[in-house]
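# Examining the three-dimensional arrangement
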Amino acid sequence: MKKRILIVDDEEGLRFTMDVFLSEEGYEVALATNYDEAVARMAEATFDLMFIDIVMEGKSGIELLRTVKADNPNAQVIIITGAPSAETAAEALRLGALDYIVKPIRQNELIRAAGLALRHKQLADEKDRYRLNIEAIFRSVKDGIVTVDANMRLVDTNTAAMQICGFGRDTCAGAALRSITGRCSGACLPVLKEILATKKEIAVDHIECHRENAQNQVVSISASPLIDHRQQFTGCVMVMRDETRLYHLEKNLIENQAMERLIGVSPEMTRVKELIKALADVQTTVLITGESGTGKELTVEALHSAGTRRDAPLVKVNCGALADSILESELFGHVQGAYTGAVKDRIGRFHLANGGTIFLDEIGDISTKMQLQLLRVIESMSFERVGSSRTEQVDVRVVAATNRDLAAKVAAGEFRQDLYYRLKVVQLGLPPLRARREDIPLLARHMIDRFNRKFNKQIKAMSSEVEHLFQQYPWPGNVRELENCLEYAFIMCNHNVITVSHLPVEMQARIGSPPQSVGRNRALEVERIEQALEKTAGNKAKAARMLSMSRRTFYRKMNKLGLTLMTPDLAQDKGGHDTAEMVSEN
């Protein structure tokens, strides 16, 4: 495509000469005698280069230069002058003229000036296209991009960054970043300061912005230094990715996985789970209390797994099972020769748990001496190994558990009050099983599934008598006792339904009900069977399955309760056998 050149001069001879010279070089040339004609030509076409006489009738060449640059900054302009002066040349160049040539015009000078100007125009166009492409990419990237200079002043930002940070482009360019981040915690500033100090790349995951109206916003940041062509540091670029939704989805998934072994939907268990979620990332000491078998160990596992320390160790210590001398070595370690049998150095449980969680079970059983040592460790996270005078520092979250009444032990002088209050910064009380009976069917279902895998059996359910018994039993051993009871039943049961006969003897002994409750139990059983028959339109086989009974047991119960064994519309079962005959056979 031919390059277009506009010649603006009020001398006809000069216009003609320049037209001939430039046309011979293959350029498309247009002519104008003054400002108005030039503006009219520019309205009709776009020109790559203009030769403009500085002195014309009407408006001057300088005024035309201003108009050209306002409409098309990349248009190249060469001023034509008869009497050049330093003042005129400086003004023309300041306004954007590329060069000027002096009358009379020589062909070689004109061709050389035109060639240089058009090459300059080509480079300017390419640079402009590159800039526009970069800007388009900059705008379209979904990650936030912020560039600052070496003085932490904002150079540029894209739309995503403005949405993440909550500021506008017009009010921010050239401003100090600290003043712009006034509406948030400024968590990104230390990252940028480190870049400016070290001139090295940095990446930080999951920064909480605490921005106004976006308190839960979480971003990940990567930042790199900006180096110019002379290898000089000019600032840095920061890329921000809004990971709020992903972070909270991941956190919920982690919390759900951590809670999956804490079976129960009762209000009591719901409160426990909510408290675990609230405590997961709060690095405070927690005291778990509750009767034996309520799930203290599962609770500390959930608390550890739901928090930021989940990838670090969870170390468990049964304090009540160890003598003082052994417990001290277990907790803090020892050096070689500390006592007879200490043949080499050994690190303790607090060292093993560094960065993670240590679980001190049965904390109420430790001696007064150990209580004092633990108090110091919890307060300062420092200790000495047995036989060593060198203080060692750790970062450990302490979770303790007991089935004792520590407040009563404090009152009796058996437990240090200062340690008690240090341990119970937050107390997490686990309810006994008898206080959440609605969770028993869920727990039993979970345990049946687990024992089916363990014993390679296909037990489907418990009989209604077992379910009723489980609801009435006080469960002094709590969930652990329920688990042991069902494991015993699995060993004894060779059918697909657990009945009372499969339970431990002490459980079977509770099946005998007091005389005053027999009538009530019979009425409840009749109601359950009648409801099942109604829901299955009288189909006894389906009703038996609904009640988790075998068909023979169902018929026996109906016979015992005096219920009608035949229905008007169902004289035969699915197999075509007479139902009355089947009952008499059984």
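Analysis parameters
Residues numbered from 1 in each chain as written. Predicted model: local features only at pLDDT ≥ 70, side-chain atom pairs only at ≥ 80, totals over all residues. Heavy atoms only, no water. Phe/Tyr/Trp six-rings, centres within 6.5 Å; stacked < 30°, edge-to-face > 60°. Helix = DSSP H or I, 4+ residues; strand = E, 2+ residues; numbered from the N terminus. Buried < 20%, exposed > 50% of the residue type's maximum accessible area, 1.4 Å probe, protein only. Lys NZ or Arg CZ within 6 Å of the ring centre and 35° of its normal. Axes fitted to C-alpha atoms, helices over the stretch in contact; angles between N-to-C directions. Parallel < 35°, antiparallel > 145°, perpendicular 65-115°, else oblique. Left-handed = near helix turned anticlockwise from the far one by under 90°. Contact = heavy atoms within 4.5 Å. Arc of directions from axis to C-beta. Expected span 1.5 Å × (residues − 1). Core = buried A, V, L, I, M, F, W, Y, C linked by side-chain atoms within 4.5 Å.

So, on to the packing of aromatic side chains. This structure, assessed with the given rule, holds 10 aromatic pairs. On the basis of an interplanar angle of 50° and a centroid distance of 6.1 Å, the ring pair of F350 and F383 is categorised as tilted. On the criterion of sequence distance, the pair formed by F350 in helix α13 (residues 349-352) and F383 in strand β16 (residues 382-384) is long-range, its members being 33 residues apart. We note that F350, like F383, is buried. Measuring from ring centre to ring centre gives 4.7 Å for Y473 and W475, while their planes differ by 85°; the resulting arrangement is edge-to-face. The pair formed by Y473 and W475 is uniform in burial state, with each residue classed as buried. An aromatic cluster is built from F332, F350 and F383, whose rings are joined through pairwise contacts. A cation sits over an aromatic face here: K199 above F233, 4.8 Å from the ring centre. R450 extends its terminal NZ or CZ atom over the ring of F451, reaching a point 5.2 Å from the ring centre.

The next subject is the packing of helix α17 (residues 440-455) against helix α19 (residues 478-492). Two elements in contact, α17 and α19, have axes separated by 10 Å at closest approach and are oriented at 45°. The angle between α17 and α19 places the two elements in the oblique class. α17 and α19 meet at a crossing whose hand is right-handed. Of α19, the residues touching α17 (which contributes L443, A444, M447, I448, R450, F451, N452, K454 and F455) are V479, L482, E483, L486, E487, F490 and I491.

Residue P104 follows K103 across a cis peptide bond; omega there is -5°. You can see P104 is positioned in the loop between β5 (99-102) and α5 (107-140). One non-glycine residue, E362, lies in the positive phi region at around 55°. Structurally, E362 can be placed in the loop between β15 (357-361) and α14 (368-380). By relative accessible area, which is 16% here, E362 ends up buried. In this model, M381 sits at a positive phi of 55°, which is unusual for a non-glycine residue. Its location among the elements puts M381 in the loop between α14 and β16. Note on M381: relative accessible area 14%, which makes it buried.

Think of an α-helix as 3.6 residues a turn; residues three or four steps apart then line up on the same face. Of the residues making up helix α8 (residues 189-198), those classed as buried are L189, V191, L192, I195 and L196. Seen end-on, α8 carries its buried residues on one side only, within an arc spanning 160°. Across from the buried face of α8, at angles greater than 90 degrees, the exposed residues are P190, K193 and A197.

Here we take up α14. Between its first and last C-alpha, α14 extends 19 Å over 13 residues, near the 18 Å set by a 1.5 Å rise per residue. Looking only at α14, the buried set comprises M370, Q371, L374, L375, V377 and I378. Structurally, α14 contributes buried residues whose contacts are with α12 (324-332), α13, β15, β16, β18 (397-402) and α16 (417-423). Looking one or two residues past α14, M381 carries a phi angle of roughly 55°, positive in sign.

Turning our attention to the nonpolar core. Among the nonpolar cores identified, the biggest contains 30 residues, and L331, F350, I358, L360 and I363 are the most heavily contacted of them. Among the elements that line this core, the one with the most residues is α14, at five residues. Listed in part, the 26 residues of the second largest apolar core include I440, L469, Y473 and F490.

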